[in-house]
Number of protein chains: 2
Amino acid sequence: MPLPKRWLTSLMCRCNGKNILIDCGEGTQLAIKEAGLLFKPIDVICITHFHADHVSGLPGLLLAMGNADRTKELTMIGPKGLKKVVNALRVIAPELPFEIKFVEVNDLEKEIQFDDFRIKAFRVNHRVTCYGYTVEVDRSGKFDVERAKALDLPVQYWSHLQKGETVKYQDKTYTPDMVMGEDRKGIKVCYTTDTRPTQSIIDNAMNADLFICEGMYGEEEKITNAKEHKHMLFFEAANLAKEAEVKEAWLTHFSPALIKPEMFMEETKKIFENIVAGKDGMKKEIKFEE
Amino acid sequence: MPLPKRWLTSLMCRCNGKNILIDCGEGTQLAIKEAGLLFKPIDVICITHFHADHVSGLPGLLLAMGNADRTKELTMIGPKGLKKVVNALRVIAPELPFEIKFVEVNDLEKEIQFDDFRIKAFRVNHRVTCYGYTVEVDRSGKFDVERAKALDLPVQYWSHLQKGETVKYQDKTYTPDMVMGEDRKGIKVCYTTDTRPTQSIIDNAMNADLFICEGMYGEEEKITNAKEHKHMLFFEAANLAKEAEVKEAWLTHFSPALIKPEMFMEETKKIFENIVAGKDGMKKEIKFEE
């Protein structure tokens, strides 16, 4: 449940002016406001599962987006039943100035490619169908000027090859691989909450720049509770971070009874050094390497 | 919309251990928590109308009440369609450990008598069907010991008469009016929001101890806006307070653009002296007179 000074778990990713929101519990529109972010440019909303703390803020947010004059189509991604759930909640937000495109995930995983990024939903293990998400930004290889010069192709066509387009010039066909080096490491953020540890989390968080993972309980003796309610202990999240060899991990989705998550971080860091307890409004800018 | 440090408009009335909540927008469960109030003893929830800012916090609150182990039936009062709207929102709160009794108001007004208080819904004038509410606590007359003594009725029966019960003793029937004075002034609170000024508000707020009324805009030049969106200016609310001869009035439901409602209070108080701009967490204890 939302607590004073602790909003419900949610993540906003921004990339090239596009905004991707993952989860929207009660108060998320306020968290967005407090973080100085805007409603209008939210292009994609991903929902992990249909428990109220991950979805109850939707009607308010959709109305706020409408009030901010969003007219461009919004894409929503979530488990099977997404359209039904969102439309039921829209009983109090029936009129919006934008269309919603629903992408329902039925299988164990699904990738959706956007212009500037790629979102992948992967099944995790909660009491109801629940997905984790990765948001990835690819990075093409370096443009090789020497190879381009050797092609006898006028300079004005080079940028097309750089953008990944094929060029026809004087009866010859030029493809990007003729001038581009191998794809370079891109950026990957992985977000997963309301789940027991799973192999799918390790696979999808692999080498992520940022891994945001639930840590419902700090105390090891809460393992029975965690198993029953299908949540995780801090040390379990840290083990996932270690196995997935991520660069950095943030814990989130603390139990309301867990007042000071920091208390358990010293122990948790023994498993995976670069892990911190998440806080409201936490931000990180991730850039391409080099 | 909810703003940092300004929750959506809502009122909690407490009377003899019973709790009545009027309206429940996004974040109201947090406002309840911040005010040090409890979820479990909420017996009645009244909804003025089905705009999101008055109802979007319901799924979260109902779940919080469930988590607080409420098992006693909850009564909900609201416009026609209440059950449909609440059940649609409950797509994300399907399982609750208590029943909900729905009281839908179809007519211009409706009174519902509870053990300790009486709630009356009265139609106001908004873009959708909307009701104001009064919560009243009656107070019986004084018990007249001299008249009771003159009755030849043993003392142990007096308390029955005092409670309004009829007593049969030695073939004679004794009724409360034989020992009780006239009903004394009780307590009345009137709450109304999202409406233009109406005669129904004046009638129902008449002589209220506390009148809580919307004041969407402070600036008089916003009158066209107010009429179009069916809201009120501060001076209109003050006029209602004056005409209804209430003891005290609070303004609420300010436009998000109205950062400092206090700016307009000097002018507003010229119409009705005992009016103040509402603030988050504002409280008042109202006692019977004398």
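Since the structure is predicted, the reported quantities are computational estimates derived from the model, not experimental observations.

Asker: Help me get a handle on the interface of chain B and chain A, residues and values and all.
Answerer: The interface of chain B with chain A comprises 26 residues on the first partner and 26 residues on the second. Across the chain B/chain A interface, buried area totals approximately 2200 Å², and carbon plus sulfur atoms make up 74% of it. When the buried surface of chain B facing chain A is broken down by residue, Glu26, Leu30 and Ile92 of chain B rank first, second and third, together holding 27% of it. For the pair chain B and chain A, the interface holds four residue pairs in polar contact (both at pLDDT 80 or more). Listing elements by their share of the side of chain B that touches chain A, those giving two or more residues are α1 (28-34), α2 (58-67) and α3 (82-89) of chain B. For the side of chain B that touches chain A, the residue count by class is 15 nonpolar, eight polar and three charged.

Asker: Which residues make up the state of the cysteines, and what values do they have?
Answerer: Residues and elements named next belong to chain B. Using the criterion set out here, one finds zero disulfides over all chains in the structure. Cys46 takes part in no disulfide bond, and the closest cysteine sulfur, belonging to Cys13, lies 8.3 Å away. Unpaired in terms of disulfides, Cys130 finds its nearest cysteine sulfur in Cys213, a separation of 11 Å.

Asker: Account for the side chain of Glu248 of chain A, naming residues and giving values.
Answerer: Checked against the element boundaries, Glu248 of chain A lands in the loop between α8 (234-243) and β13 (249-252). In contact with Glu248 of chain A, not counting residues within four places along its chain, are Asp209, Leu210, Phe211, Asn274 and Lys284 of chain A.

Asker: Explain the pattern of salt bridges residue by residue, including any values.
Answerer: Counting across every chain of the model gives 30 salt bridges over all chains. For Glu109 of chain A, the salt bridge is made with Lys120 of chain A, and the minimal N-O distance between the two is 3.2 Å. In this pair, Glu109 of chain A is assigned in strand β6 (residues 109-113) and Lys120 of chain A in strand β7 (residues 118-123), connecting sequence segments eleven residues apart. Exposure remark for Glu109 of chain A: the relative accessible area of 44% places this residue in the partly exposed category. With a shortest N-O distance of 3.3 Å, Asp209 of chain B and Lys247 of chain B are connected by a salt bridge. One end of the pair, Asp209 of chain B, is in the loop between α6 (199-205) and β12 (210-214); the other, Lys247 of chain B, is in the loop between α8 (234-243) and β13 (249-252), and 38 residues separate them in sequence. When its relative accessible area of 43% is taken as the criterion, Lys247 of chain B is described as partly exposed. The structure contains a network of salt bridges with shared partners spanning Glu111, Arg118, Glu136 and Asp138 of chain A.

Asker: I'd like a description of the environment of Glu289 of chain B, backed by residues and values.
Answerer: Residue and element names in this part refer to chain B. Mapped onto the elements of the fold, Glu289 is located in the segment after β14 (275-277). The partly exposed category is assigned to Glu289, whose relative accessible area is 34%. Each C-alpha atom of the pair Glu289 and Arg184 lies 8.9 Å from the other, and the pair is 105 residues apart in sequence. Once residues lying within four places of it in the same chain are set aside, the contact partners of Glu289 are Arg139, Lys185 and Lys247. A polar atom in the side chain of Glu289 sits 3.1 Å from the side chain of Lys247.

The rules behind these values
- Residues numbered from 1 in each chain as written.
- Chains lettered and ligands numbered in written order.
- Predicted model: local features only at pLDDT ≥ 70, side-chain atom pairs only at ≥ 80, totals over all residues.
- Heavy atoms only, no water.
- Contact = heavy atoms within 4.5 Å.
- Buried area = accessible area lost by both parts, 1.4 Å probe.
- Polar contact = N/O pair within 3.5 Å; in protein donor to acceptor, adjacent residues only side chain to side chain.
- Helix = DSSP H or I, 4+ residues; strand = E, 2+ residues; numbered from the N terminus.
- Nonpolar A, V, L, I, M, F, W, Y, C, P; charged D, E, K, R; others polar.
- Disulfide = S-S within 2.5 Å.
- Salt bridge = Lys/Arg side-chain N within 4 Å of Asp/Glu carboxyl O.
- Buried < 20%, exposed > 50% of the residue type's maximum accessible area, 1.4 Å probe, protein only.

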